[in-house]
Amino acid sequence: MKKSFFITLLFLAIAPAFIGGCNFHSAKEQNRGPQQFPSVSVPALLSGQEAAEYAAQHYWNRYFDSASVWRDISDTLIGGVAKKDILAAFREYIITLWSIPYPDALEAQKRMISQAEATLDTDTSGRVYDFITSTMESALWNPQSELRNEGLYIPVIESVLRTRRTGDHYSTYYLSQLSSCTANSPGTAAADFAYTDAKGLPHTLYSTPGEYTLLLFSNPGCPACRSIIAMLKDSPLINSLHREGRLTLLSIYIDEDLAEWHKGLSDYPEVWITGYNHDLDIRDNLTYDVRAIPSLYLLDRDKKVIFKDISPGMLMLQLERFQL
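Given the structure is predicted, the values throughout are model-derived calculations rather than measurements.

Reading guide: rules and limits
Residues numbered from 1 in each chain as written. Predicted model: local features only at pLDDT ≥ 70, side-chain atom pairs only at ≥ 80, totals over all residues. Heavy atoms only, no water. pLDDT = per-residue confidence, 0-100. Helix = DSSP H or I, 4+ residues; strand = E, 2+ residues; numbered from the N terminus. Contact = heavy atoms within 4.5 Å. Salt bridge = Lys/Arg side-chain N within 4 Å of Asp/Glu carboxyl O. Buried < 20%, exposed > 50% of the residue type's maximum accessible area, 1.4 Å probe, protein only. Axes fitted to C-alpha atoms, helices over the stretch in contact; angles between N-to-C directions. Nonpolar A, V, L, I, M, F, W, Y, C, P; charged D, E, K, R; others polar. Pairing = 2+ DSSP bridges.

Draft legend 1. Main features of the confidence of the model for the chain. For the chain, the mean per-residue pLDDT works out to 85, and 84% of the residues sit at or above 70. Predicted confidence in the chain is weakest over strand β1 (residues 24-25), with a mean pLDDT of 26, and strongest over strand β7 (residues 212-217), with 98. Of the regions scoring below 50 in pLDDT, residues 1-31 engages in 89 contacts with residues more than four places distant in sequence or in other chains.

Draft legend 2. Highlighting the pattern of salt bridges. Going through the model one piece at a time under the given rule, you end up with twelve salt bridges. Measuring nitrogen to oxygen at the nearest pair gives 3.3 Å for the salt bridge that ties Asp-309 to Arg-148. Pair noted here: Asp-309 is in the loop between β11 (305-307) and α13 (312-322) and Arg-148 is in the loop between α6 (127-140) and α7 (150-162), with a separation of 161 residues, a long-range link. Of the two residues, Asp-309 and Arg-148, both sit in the buried class. Between Glu-211 and Arg-246 there is a salt bridge, with its nearest N and O atoms 3.1 Å apart. Taken together, the residues Glu-211 in the loop between β6 (202-204) and β7 and Arg-246 in the loop between α10 (236-243) and β8 (247-253) connect sequence positions 35 residues apart.

Draft legend 3. Summary view of the packing of helix α4 (residues 83-98) against helix α5 (residues 102-118). Here α4 crosses α5 at 145 degrees, and the two axes come no closer than 9 Å. The residues of α5 that touch α4, namely those facing Phe-90, Tyr-93 and Leu-97, are Ala-105, Ala-108, Gln-109 and Met-112. Split by residue class, the contact of α4 with α5 holds six nonpolar, one polar and no charged.

Draft legend 4. Up close: the sheet that holds strand β9 (residues 273-276). Strand order in the open sheet formed by seven strands is β6-β5-β9-β8-β7-β10-β11, with mixed pairing between adjacent strands. Either end of the sheet is taken by a strand with one partner, and the two such strands are β6 and β11. Averaged over all pairs of adjacent strands, the angle between their axes in this sheet comes to 35 degrees, without regard to strand direction. Of the pairings in the sheet, the one linking β8 to β9 comprises four bridges and is parallel in character.

Draft legend 5. Up close: unusual backbone geometry. Residue Pro-294 follows Ile-293 across a cis peptide bond; omega there is 0 degrees. Mapped onto the elements of the fold, Pro-294 is located in the loop between α12 (281-284) and β10 (295-299). Phi at Asn-184 is positive, roughly 55 degrees, even though this residue is not glycine. Take Asn-184: it is sitting in the loop between α8 (168-182) and β5 (194-197). Residue Asn-184 is classed as buried on the basis of its relative accessible area of 8%. In this structure, Lys-303 is a non-glycine residue whose phi angle is positive, near 65 degrees.

Here you go:
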């Protein structure tokens, strides 16, 4: 990637509102009012990919360096910084993670969560830590978040379980999240499944050809599904990749009402492969934990997962960046 990572700030237009936790500041900071978030300073000699990776790794350093003075709680300040500015910093941080390769983003995320855990040594109430983890959950796990990314949420879940900050009930809740996030995660082989196409012919995911496969779990008549279908259908990039034979579009229905599915087939472009999971393995055995419909996955030639349950807007931005 040759472009500066700062171009990713354009992604802010699709960033969701986050659900925050408690806010905190020192009495000294309260007296002088909100401070600016201490943004990372990227060395001038770095640019493009290197700059983005440096920013991701060091994004929170200056902020966490001041953690020892966090004592009091306020409704508007978090570590002396206005709540809206902290939430904007979270958005920019996650956007930066999206702009670099997944393994590097995962390492940066592990580093950030380790820094958050360290605040428990001085903030025994855990309010700083809880704010960070709850904000991450809202941004990365919520199926309505445009920036959702289950892979990057895994270090958060592992940390919450490791720090034992939850009772048995919530430990079960987080273990369930972890199981969902680790299934078909980026970099792993997608689970195979059987499906029947619109002509009644049987297939499997792995027998479906394509340098890349865009897998869409959708329901006929679903307004959100129709919106995504229209977006993909009208995308010059998607159409170009399909014409070149590089991208296969595969839409799968995972429920049992086949009459409704047949009735809705006109929603899908004829050049797409449209099918239904006839043994209901995806739904009943959670071969794919489809938490919301529609859901998009991008797979490579070997059916390894590139993106899991990626939002439509982020998918288009990532396809442009990847220039597949």
